[in-house]
There are 2 protein chains.
Amino acid sequence: MLYLVGLGLSDETDITVKGLEIVKKASRVYLEAYTSILLVDQSVLESYYGRSIIVADREMVESNSDEILRDAQTEDVAFLVVGDPFGATTHTDLVIRARELSIAVQTVPNASILSGIGATGLQLYNFGQTVSMVFFLDNWRPSSFYDRIKENRDIGLHTLVLLDIKVKEQSLENMARGRRVYEPPRYMTVGQCAAQMLEVEEDRKGGVYGPDSLAVGAARVGGREEKFVAGTLRQLCDADEALGPPLHSLVLLGRRGHELERDYAREFAVDKDLWDKIWAGDYGKQ
Amino acid sequence: MLYLVGLGLSDETDITVKGLEIVKKASRVYLEAYTSILLVDQSVLESYYGRSIIVADREMVESNSDEILRDAQTEDVAFLVVGDPFGATTHTDLVIRARELSIAVQTVPNASILSGIGATGLQLYNFGQTVSMVFFLDNWRPSSFYDRIKENRDIGLHTLVLLDIKVKEQSLENMARGRRVYEPPRYMTVGQCAAQMLEVEEDRKGGVYGPDSLAVGAARVGGREEKFVAGTLRQLCDADEALGPPLHSLVLLGRRGHELERDYAREFAVDKDLWDKIWAGDYGKQ
């Protein structure tokens, strides 16, 4: 059996009781470690589970999945995924390969940022499609997120923006020379995301949002130290210190907000008066 | 401290280790039991937790929240919610009341149907806003879901439809006579949902979807006995036997599907050839 086990969002105790039992008895345990991270190290997980974990990087999952699935027709293999196994990134290709090999699959769901973001007080049924934001490079500034946000904003909906993480990346030079040397991990911050969003609006001038649009920055959602900062996109450009360490996410508000949402998120506002003023003008409309 | 603890989607072992520790040590434990249900009885939870649970119905949560919050400034109160605490229904009003009473709040996230539905193979970033479907009555057939689905379909997105549950409902007669006698619980099925959807399309004739639109019916998502049936809305009208007991949900597909989604969900199709044919004509477009 192949078990896809969600680990939740924060630390080693966010695994479900069902998931923990599977991890303890599986023949091999893999940890998918390139689409998201927990807020604790691998060694903490290993000591909590009482066993060793094989870290599965993108290359292994995408090019060497048969090694992960080896003998899973008769043995139990656990594949651990931060958040929910079908959360921000799906692992449907691994399941399709398992089916081809006649391996049974069972999923153990867990918390995902897609529902955890409800802790901002923004109602989940007021969210449109989720988008991703990557680190811009000099010559690569993909802005398809902008079109998606426009679609959401046009019908009044909030947008959850998931922020890029870079783990086990090679520099171009090291890649060219075939050196397996990796850069330190990088996690996009709310400040970086807000700045990139404003840059794209300035470029494309679609009026989809602007420096005075309301948003909520979120850090370490679901963790004991979770933190939210609400304000305009301009304010969120400078909110990284208040938010603290990764992981960060951002929600851009849609106009179709409810007053309960306004009041709940107001608690997190950099400037409550400005929050109220902009809300009164542009939000809370059906 | 007020703890909002998600229980996940299926049985007593879907609670997180962190959540279970909180339940075991809290002064009082409430179970919110009117927006969703687990697939196991209260008695199973009580014996698993080794303690008794107070069932909180809608009336208690909405009109008597101060009793739930009693002494939570100094004691630990656990409020258990099926799924994620901020999932399909939010409990933001309880948190706002706790803030007014200077009670600290901590949330323990868990799996929600909003991410668990990824087990259909449909990619979560291709979903638009989530809608709810209520049991129609002779003189009450709310169809605002139809406008929301139209918004999603217009931009090519899937729609998750959450289905009504009726627990602890009184008949009009019993209500009029003040008798605290309750009807047996009812859970909407995929077949009932599909039929109501087609009825509304026939009424409103907006061409938002039709009998040949593709959808996936889901039952007991996240449980060991989870089950999916994929097909046209017409086919899903008759899928209840195949799907089995509650809870059910339904996803109406958007045209912006990826071939991985087609292939994954095809495994669940009532008629794989028809699935392929309709997909080829109407889906997989950007």
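About the criteria used
- Residues numbered from 1 in each chain as written.
- Chains lettered and ligands numbered in written order.
- Predicted model: local features only at pLDDT ≥ 70, side-chain atom pairs only at ≥ 80, totals over all residues.
- Heavy atoms only, no water.
- Helix = DSSP H or I, 4+ residues; strand = E, 2+ residues; numbered from the N terminus.
- Rg over C-alpha atoms; globule rule 2.2 N^0.38 Å.
- Contact = heavy atoms within 4.5 Å.
- Areas by Shrake-Rupley, 256 points an atom, 1.4 Å probe, with all protein chains shown as cover.
- Lys, Arg positive; Asp, Glu negative; His and termini not counted.
- Charge placed at Lys NZ, Arg CZ, Asp CG, Glu CD.
- Least-squares fit on C-alpha atoms with pLDDT ≥ 70 in both.
- Axes fitted to C-alpha atoms, helices over the stretch in contact; angles between N-to-C directions.
- Parallel < 35°, antiparallel > 145°, perpendicular 65-115°, else oblique.
- Left-handed = near helix turned anticlockwise from the far one by under 90°.
- Nonpolar A, V, L, I, M, F, W, Y, C, P; charged D, E, K, R; others polar.
- Buried < 20%, exposed > 50% of the residue type's maximum accessible area, 1.4 Å probe, protein only.
- Pairing = 2+ DSSP bridges.
- Right-handed = clockwise from strand over helix to strand, strands pointing away.
- Buried area = accessible area lost by both parts, 1.4 Å probe.
- Salt bridge = Lys/Arg side-chain N within 4 Å of Asp/Glu carboxyl O.
- Polar contact = N/O pair within 3.5 Å; in protein donor to acceptor, adjacent residues only side chain to side chain.
- Domains from an automatic or database assignment.
- UniProt positions renumbered as here; feature names shortened; annotations may be inferred.

Engineer: Can you walk me through the overall build of chain A in this structure?
Structural biologist: Along the backbone of chain A there are 13 helices and 12 strands. Its C-alpha atoms give chain A a radius of gyration of 20 Å, near enough to 19 Å, the size a compact globule of 286 residues would have. For chain A, restricting intrachain contacts to residue pairs at least 6 apart in sequence, the fraction spanning at least 24 positions comes to 72%. Per element, the accessible surface of chain A, about 12000 Å² overall, is 47% carbon and sulfur. Averaging the positions of the 32 positive and the 44 negative side-chain charges in chain A gives two centres separated by 2 Å.

Engineer: Teacher, can you tell me more about the relation of the copies chain A and chain B here?
Structural biologist: Mapping one chain copy onto the other needs a rotation about an axis and a shift along that axis. When chain A is fitted to chain B, the best match, at an RMSD of 0.0 Å, comes from turning it 180° and sliding it 0.0 Å along the axis. Expressed as a symmetry operation, the mapping of one chain copy onto the other fits a two-fold axis. Same-surface contact between copies: 100% of interface residues of chain A are shared with the interface of chain B.

Engineer: Looking at this structure, I do not really get the packing of helix 12 (residues 259-266) of chain A against helix 13 (residues 272-282) of chain A. What am I missing?
Structural biologist: Two quantities define a packed helix pair, namely the angle between the axes and the distance from one axis to the other. Residue and element names in this part refer to chain A. Following both chains from N to C, one finds helix 12 and helix 13 inclined at 160°, their axes separated by 10 Å at the closest point. In terms of orientation, helix 12 lies roughly antiparallel with respect to helix 13. Relative to helix 13, helix 12 is oriented so that their crossing is right-handed. Contacts from Glu261, Arg262, Ala265 and Arg266 in helix 12 reach Lys272, Trp275, Asp276 and Trp279 in helix 13. The residue inventory of the contact of helix 12 with helix 13, partitioned by class, reads three nonpolar, no polar and five charged.

Engineer: Help me understand the pairing of strand 2 (residues 28-32) of chain B, please; the structure alone is not making it clear to me.
Structural biologist: Two faces belong to every sheet, and in a regular strand the side chains alternate between them. All names here are of chain B. Most of strand 2 sits inside the fold, with five of its five residues counted as buried. Across the two faces of strand 2 the burial is the same, with Arg28, Tyr30 and Glu32 and Val29 and Leu31 all buried. When strand 2 meets strand 4 (residues 77-81), the two strands line up parallel, connected through five bridges. Looking across to strand 4, one finds that glutamate 32 is bridged to valine 81. Looking at chain direction, strand 2 and strand 3 (residues 54-56) are connected through three bridges and run parallel. Residue pairing in the sheet places leucine 31 in a bridge with valine 55 of strand 3. Assessed by its sense of winding, the connection that carries the chain from strand 2 through helix 2 (residues 42-49) to strand 3 is right-handed.

Engineer: Honestly, the interface of chain A and chain B in this entry has me stumped. Any pointers?
Structural biologist: Size of an interface, as often reported, equals the accessible area lost when the parts are brought together. Each partner contributes to the interface: chain A provides 49 residues, whereas chain B provides 49 residues. In this assembly, chain A packs against chain B so that about 4300 Å² is buried in total across both faces, 57% of it on carbon and sulfur atoms. Summed over the three residues of chain A that lose the most area to chain B, namely Lys18(A), Arg99(A) and Tyr264(A), the buried surface amounts to 15% of that side. At the boundary of chain A and chain B, one finds six salt bridges. At the junction of chain A and chain B, the tally comes to 16 residue pairs in polar contact (both at pLDDT 80 or more). Put simply, the parts of the chain that give the side of chain A that touches chain B at least two residues each are helix 1 (17-25), helix 5 (92-100), helix 6 (113-116), helix 7 (144-154) and helix 12 of chain A. Here the side of chain A that touches chain B takes four residues from helix 5 of chain A, the largest share from any one element.

Engineer: Before we go on, may I ask you to explain the domain arrangement of chain A in this structure?
Structural biologist: Residues and elements named next belong to chain A. The domains assigned to chain A are domain 1 (2-111) and domain 2 (114-283). The C-alpha centroid of domain 2 is placed 28 Å from the C-alpha centroid of domain 1. Opposite the 12 residues of domain 1 that make contact, domain 2 presents 14 residues. Considering only the side of domain 1, the residues that lose the most area to domain 2 are Leu9, Ile37 and Leu39, jointly responsible for 42% of the buried surface there. Our count for the contact surface shared by domain 1 and domain 2 stands at two salt bridges. A salt bridge links arginine 224 to aspartate 11; its shortest N-O distance comes to 3.2 Å. Our count for the contact surface shared by domain 1 and domain 2 stands at one residue pair in polar contact (both at pLDDT 80 or more). When the residues that make up the side of domain 1 that touches domain 2 are grouped by side-chain class, the tally is six nonpolar, three polar and three charged.

Engineer: What should I look at first to understand the UniProt feature "binding site: S-adenosyl-L-methionine" (unreviewed entry) in chain A in this one?
Structural biologist: Taking the numbering used here, the UniProt-annotated feature "binding site: S-adenosyl-L-methionine" (unreviewed entry) corresponds to Leu9(A), Asp84(A), Gly87(A), Ser112(A), Ile113(A), Leu163(A), Val221(A) and His248(A). Counting through the fold element by element, Asp84(A) comes out in the loop between strand 4 (77-81) and helix 5. When neighbours within four sequence positions are excluded, Asp84(A) is seen to be in contact with Pro109(A), Asn110(A), Ala111(A), Ser112(A) and Ser115(B). One polar contact links the side chain of Asp84(A) to the main-chain amide nitrogen of Phe86(A), over a distance of 2.9 Å. On the secondary structure map, Ile113(A) appears in helix 6. By relative accessible area, which is 14% here, Ile113(A) ends up buried. Leaving out residues up to four positions away in the same chain, Ile113(A) has contacts with Leu9(A), Leu160(A), Leu162(A), Val221(A) and Ser249(A).

Engineer: Any chance you could explain the pattern of salt bridges here in plain terms?
Structural biologist: Opposite charge on two side chains lets them pair, provided their charged atoms get close. Counting across every chain of the model gives 44 salt bridges over all chains. In this structure, the salt-bridge partner of Glu59(A) is Arg180(A), at a minimum N-O distance of 4.0 Å. Note that Glu59(A) is positioned in helix 3 (residues 58-63) and Arg180(A) in the loop between helix 8 (172-176) and strand 9 (186-187), a separation of 121 residues in sequence. Note on Glu59(A): relative accessible area 47%, which makes it partly exposed. For Arg180(A), a relative accessible area of 63% gives the class exposed. With a shortest N-O distance of 2.9 Å, Asp263(A) and Arg262(A) are connected by a salt bridge. Residue Asp263(A) is classed as partly exposed on the basis of its relative accessible area, which comes to 33%. Overlapping salt bridges bring together Asp11(A), Asp14(A), Arg224(A) and Lys18(B) as one network.

Engineer: Just to check I follow, could you spell out the sheet that holds strand 5 (residues 105-108) of chain B for this structure?
Structural biologist: Strands belonging to one sheet form pairs held by backbone hydrogen bonds; the direction of such a pair is parallel or antiparallel. All names here are of chain B. The strand order across the open sheet built from five strands is 3-2-4-1-5, with neighbouring strands paired in parallel fashion. In this open sheet, the two edge strands, each paired with only one partner strand, are strand 3 and strand 5. Strand after strand, the sheet turns through a mean of 25° between neighbouring axes, direction not considered. Lying over the sheet, helix 1 (residues 17-25) contacts strand 1 (2-6), strand 2, strand 4 and strand 5, oriented at roughly 135° with respect to strand 1. Contacting strand 1, strand 4 and strand 5, helix 5 (residues 92-100) runs over the sheet at an angle of about 165° to strand 1.

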